[in-house]
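Close look at the chain arrangement
The lines below spell out each chain.
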Amino acid sequence: QVQVVESGGGLVQAGESLRLSCAASGSIFSINAMGWYRQAPGKQRELVAAITGDGSTNYAASVKGRFTISRDNAKNTVYLQMNSLKPEDTAIYYCATDATNSPFRRAARYWGQGTQVTVSS
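Per chain, residues are indexed from 1 in the order of the written sequence. Residues qualify for local features only when their pLDDT is at least 70, as the model is predicted, and side-chain atom pairs are given and counted only at 80 or more; totals for whole chains, interfaces and linings, by contrast, use all residues. Excluded from the side-chain calculation are hydrogens and water; included are all heavy atoms of the structure.

1. What to know about the overall build of the protein
Assigned secondary structure in the protein consists of zero helices and eleven strands. Each helix is a run of H or I in the DSSP string that is no shorter than four residues. Each strand is a run of E no shorter than two, and both are numbered from the N terminus. Counted from the first residue to the last, the protein has its helices and strands arranged as β-β-β-β-β-β-β-β-β-β-β. Note that the radius of gyration is over C-alpha atoms, with the globule rule given as 2.2 Å times the number of residues to the power 0.38. The globule rule puts the C-alpha radius of gyration for 121 residues at 14 Å, and the 14 Å found for the protein is close to it. Seen along its three principal axes, the alpha-carbon backbone of the protein occupies a region of about 50 × 25 × 25 Å. We call a residue buried when its accessible area falls under 20% of the maximum for its residue type, exposed when it is over 50%, and partly exposed in between, using a 1.4 Å probe and counting protein chains only. Expressed as a percentage of its 121 residues, the buried residues of the protein come to 40%. Contact definition: two residues touch when any of their heavy atoms are within 4.5 Å. Once local pairs closer than 6 in sequence are excluded, the contacts in the protein between residues at least 24 apart make up 56%. Where accessible areas are quoted, they stem from the Shrake-Rupley method and a 1.4 Å probe; at the residue level, only the protein chains shown are allowed to cover. Element-wise, carbon and sulfur atoms account for 48% of the exposed surface of the protein, whose accessible area totals about 6,400 Å².

Now the structure itself:
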C-alpha cells in the first residue's frame, strides 16, 4: 500500500505565499506523475499542477505564473510553491501520486487526505 501525506496549508492574506509538501511512502516500486488538485466549497475538484517523472509540468491557467510545482524523486516528494495568493485560491488541496509497487503492475492513483489553504482579502 502507498501512503500520501500533505502538509503546509494554512491561513494567509492575499498576496502572501505558502509552500505545500506531499510525501509518498510505503510499498513503492516507481512513481510516475505527481500532482496537486484543489476543491473549493460547492465546486468540483480541479487540477492545479502536475509533474511527470522526467520533470515535465502542467498548470491550470488560473495559477500559471504564480504557482510552481517541483519534486524530489529521491524522497518521493512533490512541492507546490504558491505565490501571490488570491482569495479564490481558497480550497482544500489534495496531492495525487501515480505509483506502482511492482514492475509488472500498472500504476494506481493514491490520494492524500487534503490540506486546507485559506486566503483572506
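2. Things to note about the nonpolar core
We define a nonpolar core as any set of buried Ala, Val, Leu, Ile, Met, Phe, Trp, Tyr and Cys residues linked to one another through side-chain atoms lying within 4.5 Å. Ranked by internal contacts, the top residues of the largest apolar core, which has 30 residues, are Trp36, Leu80, Met82 and Tyr93. Setting aside residues up to four positions removed in sequence, Leu80 forms contacts with Leu18, Arg19, Leu20, Trp36, Val48, Ala49, Phe67, Thr68, Ile69 and Tyr93.

3. Here's the deal with the sheet that holds strand 1 (residues 2-7)
DSSP bridges decide pairing: two strands pair if at least two such bridges lie between them. Strand order across the open sheet formed by four strands is 1-3-8-7, with antiparallel pairing between neighbours. Across the chains shown, the open sheet's two edge strands, defined by having one partner strand only, are strand 1 and strand 7 (67-72). Strand-to-strand twist of the sheet, defined as the mean angle between neighbouring strand axes without regard to direction, takes the value 15°. Pairing of strand 1 with strand 3 (residues 18-26), which is carried by six bridges, proceeds in the antiparallel orientation. Residue pairing across strands places Val4 opposite Ala24, the latter belonging to strand 3. Whenever a helix is involved, its axis is fitted only over the stretch in contact; in every case the axis is a line through C-alpha atoms, and angles between N-to-C directions fall within 0 to 180 degrees.

4. Re the state of the cysteines
Cysteine sulfur atoms that come within 2.5 Å of each other are treated as a disulfide pair. In the structure shown here, the tally under the stated rule is one disulfide. Two residues, Cys22 and Cys95, share a disulfide whose sulfurs are 2.0 Å apart. Judged by the torsion about the S-S bond (-80°), the Cys22/Cys95 disulfide is left-handed. Taken as a pair, Cys22 in strand 3 and Cys95 in strand 9 (residues 91-100) lie far apart in primary sequence, 73 residues in all. Each member of the pair, Cys22 together with Cys95, is buried.

5. As for the environment of Leu80
As for its placement among the helices and strands, Leu80 is situated in strand 8 (residues 77-82). For Leu80, a relative accessible area of 0% puts it in the buried group. Spatially, the C-alpha atom of Leu80 lies 7.6 Å from that of Trp36, the residues being 44 residues apart in sequence.

6. Comments concerning the packing of aromatic side chains
Within 6.5 Å between ring centres, the rings of Phe, Tyr and Trp (the latter by its six-membered ring) count as paired, and their orientation is classed by plane angle as stacked under 30 degrees, edge-to-face over 60, tilted in between. Applying the stated criterion across every chain yields a total of one aromatic pair. Here Tyr37 and Trp111 contribute two aromatic rings whose centre-to-centre distance is 5.0 Å and whose plane-to-plane angle is 65°, an arrangement assigned as edge-to-face. With Tyr37 in strand 4 (residues 30-39) and Trp111 in strand 10 (residues 108-111), this pair connects stretches of sequence that are 74 residues apart. On the basis of relative accessibility, which here comes to 35%, the residue Trp111 falls in the partly exposed class. Its end group placed over the ring of Tyr79, Arg19 keeps NZ or CZ at 4.1 Å from the ring centre. By the criterion adopted, a ring carries a charge over it if an Arg CZ or a Lys NZ lies within 6 Å of its centre and within 35 degrees of its normal. Between Arg45 and the ring centre of Trp111, over which it is positioned, the NZ or CZ distance is 4.7 Å.

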